[in-house]
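Chain and residue survey
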Amino acid sequence: QVQLVESGGGSVQAGGSLRVSCAVSGRTFSYYTMGWFRQAPGKEREFVAAITWNGANTYYADSVKGRFTISRDNGKNMVYLQMNSLKPEDTAVYYCALRTGNYVSTAVTNWGSWGQGTQVTVSS
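Residues numbered from 1 in each chain as written. Predicted model: local features only at pLDDT ≥ 70, side-chain atom pairs only at ≥ 80, totals over all residues. Heavy atoms only, no water.

**Description of the side chain of Arg 67**
Structurally, the position occupied by Arg 67 is in the loop between strand 6 (58-60) and strand 7 (68-73). By relative accessible area, Arg 67 is classed as buried at 10%. Among residues more than four places away in sequence, those in contact with Arg 67 are Gln 82, Met 83, Asn 84, Ser 85, Leu 86, Lys 87 and Asp 90. (Helix = DSSP H or I, 4+ residues; strand = E, 2+ residues; numbered from the N terminus. Buried < 20%, exposed > 50% of the residue type's maximum accessible area, 1.4 Å probe, protein only. Contact = heavy atoms within 4.5 Å.)

**Quick look at the environment of Asn 57**
Here Asn 57 is to be found in the loop between strand 5 (46-51) and strand 6. Put simply, Asn 57 and Ser 124 are 67 residues apart on the chain and 33 Å apart in space, counted from C-alpha to C-alpha. Those residues in contact with Asn 57 that lie beyond four places of it in its chain are Ala 50, Ile 51 and Thr 52.

**Things to note about the sheet that holds strand 7**
As a general point, the strands of a sheet are linked pairwise by backbone hydrogen bonds and lie either parallel or antiparallel. Reading across the sheet, the four strands line up as 1-3-8-7 and stay open at both edges, with antiparallel pairing between neighbours. Here the strands that pair on one side only, and so sit at the sheet edges, are strand 1 (3-7) and strand 7. Here the average twist between neighbouring strands, direction ignored, is 15°. (Pairing = 2+ DSSP bridges. Axes fitted to C-alpha atoms, helices over the stretch in contact; angles between N-to-C directions.)

**Things to note about the state of the cysteines**
Counting across every chain of the model gives one disulfide. The residue that forms a disulfide with Cys 22 is Cys 96, at a sulfur-sulfur distance of 2.2 Å. Residues Cys 22 and Cys 96 share a disulfide whose torsion about the S-S bond is about -80°; that sign makes it left-handed. Taken as a pair, Cys 22 in strand 3 (residues 18-25) and Cys 96 in strand 9 (residues 92-99) lie far apart in primary sequence, 74 residues in all. (Disulfide = S-S within 2.5 Å.)

**What about the packing of aromatic side chains?**
Taken as a whole, this structure holds three aromatic pairs when the rule is applied. Residues Phe 37 and Phe 47 carry aromatic rings whose centres are separated by 5.6 Å and whose planes lie at 80° to one another, so their mutual orientation is edge-to-face. In this pair, Phe 37 is assigned in strand 4 (residues 33-39) and Phe 47 in strand 5, connecting sequence segments 10 residues apart. Using a relative accessible area of 0% as the deciding quantity, one classes Phe 37 as buried. Over the aromatic face of Tyr 95 sits the side chain of Arg 45, whose NZ or CZ is 3.6 Å from the ring centroid. The lysine or arginine in question, Arg 45, covers the ring of Trp 114, its NZ or CZ lying 4.8 Å from the ring centre. (Phe/Tyr/Trp six-rings, centres within 6.5 Å; stacked < 30°, edge-to-face > 60°. Lys NZ or Arg CZ within 6 Å of the ring centre and 35° of its normal.)

**Brief notes about unusual backbone geometry**
Phi angles above zero are rare outside glycine, and Asn 77 is one such case at about 55°. Note on placement: Asn 77 falls in the loop between strand 7 and strand 8 (78-83). Positive phi outside glycine occurs at Ser 85, with the angle close to 50°.

Right under this line is the structure:
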């Protein structure tokens, strides 16, 4: 059974930076596409970023493009989301997700495994 555990959330002022991390165990990590989603209070969970198994391709939501960077370290079974120039509207619980296959889907229902989430709060 695969397990995903996020860490690194916290509170920051607008314009600041945070890096959230996700540790994956229970499967051969390098064979899977990894993604980050977020969910703000009262809103649906939304796609943020994804990275293919070898890190060759990355994808971002328009709202974070140019500010967030997703990366992975297959040797450590880790995936990261570096968040710069944070805005109050980035406040949400951030979830790590895993899916089989080497292609990206922005639909929540196409991701098979999820972490418990980590809170990111950006104050103005």
